Amino acid sequence: MKKIELRYGICTLALCGIMSMGSVMEARADYETPEGPAFSQGDYVASIEKGNHSVYVSMDSNEVLGEASEGEAYQILDAEGDGWMEIQVGEKTGYISVEEEGVVIINQDEMAQNNIILNTKIPGTSFSEVKRQELVNFALQFLGGRYRAAGNDPRTGVDCSGFTKYVMLHGAGVTIERSSAAQSQQGVDVSADQMRPGDLVFYGSGGRVNHVAMYIGNGQVVHASTYETGIKLSPWNYRAPVRIKNVLGD
């Protein structure tokens, strides 16, 4: 993998031992090995001075691991080229671009002088939350679709469990059972205060599950409701839920 030589303002790593937080950092791809062992020794951190910045699973992917926010700092593990830094995020590694405005590199001495503490958890929005929002967006495209008993495709008509089965499979790649009663036996039980977008909410009467919806956040669920309304939004507790399940495995 090609490496880069990092230059800070008017001085290089070879000449300057300490950078100021306000100095201008410039990352250029000279395709040379960085001078000295600084990065391999973990002597530098990526400090977020302004805004929010995506941390990627890899440099060659748009898959976001999380979001680094203003005031956070992450241990640099290596300089990867073209302004990309490999950083430590909890027990994982991620990649952030120091060419973005607001992301600067400082050394350990500067970090101590400014009372900056390294982040030890995955930043901002976790990958699972991103995928859950993508699932919600996928489901919401079918709002207004027809209700059809035993229907399996929201584009032509679907019932409640047919809708959740279709959405989970095609929006998240997760296979669940066909009936609402069977779906309610899958996954992990969660409480109302633990519920996240993408969790399934089950309703029933007489101790028997007879309806299922998917929570989308902000106190609402999306579901294939009735022949009259089709696929619609409702408050999550428009009926008393009998069970809430996480079937996504995160």
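Refer to the preceding data block for the structure.
Residues numbered from 1 in each chain as written. Predicted model: local features only at pLDDT ≥ 70, side-chain atom pairs only at ≥ 80, totals over all residues. Heavy atoms only, no water.

### Considerations on the nonpolar core
- Phe 163, Met 168, Leu 200, Met 214, Val 222 and Ile 231 are the most contacted members of the largest nonpolar core, which has 23 residues in total.
- Among the secondary structure elements, those contributing two or more residues to this core are helix H2 (127-140), helix H3 (160-172), strand E14 (200-205), strand E15 (208-217) and strand E16 (220-226).
- Among the elements that take part in this core, H3 stands out by supplying five residues, more than any other.
- Residues contacting Leu 200, with those up to four places away along its chain left out, are Thr 164, Met 168, Ile 176, Gln 183, Val 212, Ala 213, Met 214, Arg 243, Ile 244, Lys 245 and Val 247.
- Residues Ala 46, Val 55, Ile 76 and Ile 87 belong to the second largest nonpolar core, which totals 16 residues. (Core = buried A, V, L, I, M, F, W, Y, C linked by side-chain atoms within 4.5 Å. Buried < 20%, exposed > 50% of the residue type's maximum accessible area, 1.4 Å probe, protein only. Helix = DSSP H or I, 4+ residues; strand = E, 2+ residues; numbered from the N terminus. Contact = heavy atoms within 4.5 Å.)

### Digging into the layout of surface pockets
- Its volume calculated, the largest pocket comes out at about 160 Å³.
- Taken together, ten residues make up the lining of the largest pocket; nearest its centre are Ser 128, Lys 131, Arg 132, Ala 172 and Leu 248.
- When contributions to the lining of the largest pocket are tallied by element, the ones reaching two or more residues are H2 and H3.
- Element by element, the count of residues in the lining of the largest pocket is highest for H2, at five residues.
- Class assignment for the residues of the lining of the largest pocket results in four nonpolar, two polar and four charged. (1 Å grid on protein atoms, 1.4 Å probe; cavity = no way out; pocket = protein on both sides within 12 Å on 5 of 7 lines; lining within 4 Å. Points joined across faces, edges and corners; volume = space filled by probe spheres on them. Nonpolar A, V, L, I, M, F, W, Y, C, P; charged D, E, K, R; others polar.)

### Digging into the sheet that holds E15
- Taken in spatial order, the six strands of this open sheet run E13-E18-E14-E15-E16-E17, and their pairing is antiparallel. Bordering the open sheet on either side are strand E13 (188-189) and strand E17 (230-235), each of which pairs with just one other strand.
- Two elements, E15 and E16, share three bridges in a ladder whose sense is antiparallel. Looking at the pairing, Met 214 lines up with Val 222 of E16. (Pairing = 2+ DSSP bridges.)

### Remarks on the environment of Glu 70
- Tracing the backbone through its elements, the reader meets Glu 70 in the loop between strand E6 (64-69) and strand E7 (73-81).
- For the pair Glu 70 and Glu 49, spaced 21 residues apart in sequence, the C-alpha separation works out to 5.3 Å.
- For Glu 70, the residues in contact, after removing those within four places along its chain, are Ile 48, Glu 49, Lys 50, Gly 51 and Asn 52.

### A word on the side chain of Ser 225
- Structurally, Ser 225 is set in strand E16.
- Leaving out residues up to four positions away in the same chain, Ser 225 has contacts with Tyr 147, His 211, Gly 230 and Lys 232.

### Here we look at the packing of aromatic side chains
- Tallied over the entire structure, the rule returns six aromatic pairs.
- With a centroid separation of 5.8 Å and 75 degrees between ring planes, the pair formed by Tyr 56 and Trp 84 is classed as edge-to-face. With Tyr 56 in strand E5 (residues 52-56) and Trp 84 in strand E8 (residues 84-89), this residue pair connects regions lying 28 residues apart in the sequence. (Phe/Tyr/Trp six-rings, centres within 6.5 Å; stacked < 30°, edge-to-face > 60°.)

### Observations regarding the pattern of salt bridges
- Counted under the stated rule, the structure contains six salt bridges.
- Here Asp 199 makes a salt bridge to Arg 132, at a shortest N to O gap of 3.1 Å. Taken as a pair, Asp 199 in the loop between E13 and E14 and Arg 132 in helix H2 lie far apart in primary sequence, 67 residues in all. Taken as a pair, Asp 199 and Arg 132 share a single burial class, namely buried.
- With a shortest N-O distance of 3.3 Å, Arg 243 and Asp 189 are connected by a salt bridge. With a gap of 54 residues between them, Arg 243 in strand E18 (residues 241-246) and Asp 189 in strand E13 connect regions that are remote in the sequence. (Salt bridge = Lys/Arg side-chain N within 4 Å of Asp/Glu carboxyl O.)

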